[in-house]
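Geometric and topological summary
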Amino acid sequence: MTSMSSNHSSITHHTRGSSSGRQGTQGAAARSAHYDAILRQIGSILKASSIPLIVGHTKPALALQRDSGNGHGNWNGGGGGDGNHASSSHSPQLLHTLGQADKEPVVLTLASFAVTKLAYVRLTKKFRENYMSKTGIDVRFRLTFAGSGVQARAVIDGLPADVLALALPLDVERVSRAGLIRADWRSLFPNNSVVCETTVALVVRKGNPKNITGWQDLIRPGVEVVLANPKTAGVARWIFLALWGSQVKKGDAAAETYVRQVFDNVVVQPRDAREASDVFYKQRVGDVLLTYENEVILTNEVYGDKALPYVIPTENVRIECPIAVVDKVVEGRGPRVRQASDEFIEYLFTAEAQREFGKLGFRVNPKVSRAAAEAQVGLPPSKLWNVDKVFGSWDKAQAKFFDAGQILDKIQEAVGKRRVEQRRVAVAKKE
């Protein structure tokens, strides 16, 4: 892998072939197939320590599912869905339990967003070993992964997560405002409780045939863009703000025009980052995919000789992924659970844990671990800006762009009307 700088961006090239063949698999099955290789990596990690890997809901006693029988929509350890929550592909999926049965172990449930899967498999294993060595207490983990907003909604609805690691600070804030996480959660851990960071990448086809080098190339006629739906995916809201932020110095009118032009070129809006990768890599839809940088790095590892090059624009958003203890859940489970939950999060900010995040393509913040940041190599340089500084806060960004009837809705409505008119004209020409 080599990097080449331009006036607008850095592009990382892979000397491997392009993706081949369209595959029509979609939904949950597509995402599972997409990450079979990752699960094999996970299995090899766990095999050395004889730690069981439980995938999906193969053990109903451990599965976290919505209880339809109690009338409250609570999450518990068995039963099926109630039909009112999203389909199974939307709901958090229990992937595995780490640890072996021991006398009175502590069991923690961690709910996170999809692209952190492999990181938390590795990190929970390391923490378990460290905590056992230090305290003699066996800590076992139940991990669930889904879209950031889906996880936030699930915890509010009763999913008994002890620790919540999401893609958007605003999603954690939603859970806090529901009374489940203390209001000062940001101040409890280093770096405002932001445990890992990344930025936006533009994935292109082999050889970069459309010569995409930065943000401005996304509005050229004939460039087909793939990005997840901001209504359902945290990654897409970060991307929306990155697009707007790239033009913000020109004023809001110019920024809105630019973002609308990008959306004019969008050919599909998958539900989340994983599904967007499937559409671009497997089905070969589009000329450029907008997604998390760490997602590109991990996907390219999975695809091997079918890995694709990607561009990191030099002016880019700092994607900050926060973590918090779900106090309402933990307080009801006793001091051993509270101690293990707090110490697990504290461990994630250590140099050892930050190095693991770095190995999987997340950008280590020197404020969290200078040693881990200095050891990280291979990421294209980029000047990253913060949402709080550019837009005031996530609350203000939400109200301005993503609330019902605001800028995102207006852009998507305008794009939809234009496409309907274009189809009408096309049909009229054929008649």
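None of the values given here were measured: they were computed from a predicted structure.

Residues Tyr120, Phe240 and Leu243 are the most contacted members of the largest nonpolar core, which totals 85 residues. Considering every element that reaches this core, the biggest residue donor is helix α6 (residues 234–245), with nine residues. In this view, leucine 243 contacts Trp215, Leu218, Tyr258, Val259, Val262, Phe263 and Leu290; residues no more than four positions away in its chain are not counted.

This part covers unusual backbone geometry. Glycine aside, the phi torsion of most residues is negative, and most peptide linkages are trans. Residues other than glycine seldom take positive phi values, yet asparagine 192 does so here, at roughly 55 degrees. Turning to its location among the elements, asparagine 192 is positioned in the loop between α5 (169–177) and β9 (194–198). For asparagine 208, which is not glycine, the phi dihedral falls at a positive 50 degrees. Relative to the elements of secondary structure, asparagine 208 occurs in the loop between β10 (200–204) and β11 (225–226).

Applying the stated criterion across every chain, the model contains one cavity of 30 Å³ or more. Every residue lining the largest cavity is counted, 14 residues in all, and those nearest its centre are Phe113, Gly147, Ser148, Asp272 and Ala273. Elements represented by at least two residues in the lining of the largest cavity include exactly α6 and α8 (273–282).

Quick look at the pairing of β10 now. For a regular strand, side chains alternate in direction, first toward one face of the sheet and then toward the other. Extensive coverage of β10 is indicated by the burial of five of its five residues. The alternating pattern of β10 places Val200, Leu202 and Val204 on one face and Ala201 and Val203 on the opposite face, and all of these are buried. Both β10 and strand β13 (residues 288–292) contribute to a ladder of five bridges, which runs antiparallel. Its bridge partner being in β13, leucine 202 is matched across the sheet by leucine 290.

Moving on, we come to the pattern of salt bridges. Across all of its chains, the model carries 26 salt bridges by this definition. Among the ionic pairs, glutamate 356 bridges to lysine 359, the shortest N-O distance being 3.2 Å. Of the two residues, glutamate 356 and lysine 359 are both situated in helix α12 (residues 351–359); the distance of three residues between them amounts to about one turn of the helix. Within this structure, Arg122, Lys126, Glu356 and Lys359 form a network of salt bridges that share partners.

Turning our attention to the layout of surface pockets. Taken as a whole, the second largest pocket holds about 370 Å³ of empty space. Taken together, 16 residues form the lining of the second largest pocket, with Trp215, Gly245, Ser246, Glu315 and Trp385 sitting closest to its centre. Per-element tally for the lining of the second largest pocket: the top contributor is strand β17 (residues 383–385), with three residues. Class assignment of the residues belonging to the lining of the second largest pocket gives a composition of six nonpolar, seven polar and three charged.

Overall, the coordinates contain 20 aromatic pairs when judged by the stated rule. On the numbers, 5.4 Å between centres and 90 degrees between planes, the contact of phenylalanine 391 with phenylalanine 401 is edge-to-face. Of the two residues, phenylalanine 391 sits in helix α14 (residues 387–391) while phenylalanine 401 sits in helix α15 (residues 394–402), which places them 10 residues apart along the sequence. Side by side, phenylalanine 391 and phenylalanine 401 carry an identical accessibility label, which is buried. An aromatic cluster is built from Phe240, Trp244, Phe263, Trp385, Phe391, Phe401 and Phe402, whose rings are joined through pairwise contacts. The lysine or arginine in question, arginine 205, covers the ring of phenylalanine 280, its NZ or CZ lying 3.7 Å from the ring centre.

A word on helix α11 (residues 335–348). Across its 14 residues, α11 extends 20 Å between first and last C-alpha, which sits within 8% of the 20 Å expected from 1.5 Å per residue. Listing the buried residues of α11 in full gives Val337, Ala340, Ser341, Glu343, Phe344, Ile345, Tyr347 and Leu348.

Cut-offs used in this document
- Residues numbered from 1 in each chain as written.
- Predicted model: local features only at pLDDT ≥ 70, side-chain atom pairs only at ≥ 80, totals over all residues.
- Heavy atoms only, no water.
- Core = buried A, V, L, I, M, F, W, Y, C linked by side-chain atoms within 4.5 Å.
- Buried < 20%, exposed > 50% of the residue type's maximum accessible area, 1.4 Å probe, protein only.
- Helix = DSSP H or I, 4+ residues; strand = E, 2+ residues; numbered from the N terminus.
- Contact = heavy atoms within 4.5 Å.
- 1 Å grid on protein atoms, 1.4 Å probe; cavity = no way out; pocket = protein on both sides within 12 Å on 5 of 7 lines; lining within 4 Å.
- Points joined across faces, edges and corners; volume = space filled by probe spheres on them.
- Pairing = 2+ DSSP bridges.
- Salt bridge = Lys/Arg side-chain N within 4 Å of Asp/Glu carboxyl O.
- Nonpolar A, V, L, I, M, F, W, Y, C, P; charged D, E, K, R; others polar.
- Phe/Tyr/Trp six-rings, centres within 6.5 Å; stacked < 30°, edge-to-face > 60°.
- Lys NZ or Arg CZ within 6 Å of the ring centre and 35° of its normal.
- Expected span 1.5 Å × (residues − 1).

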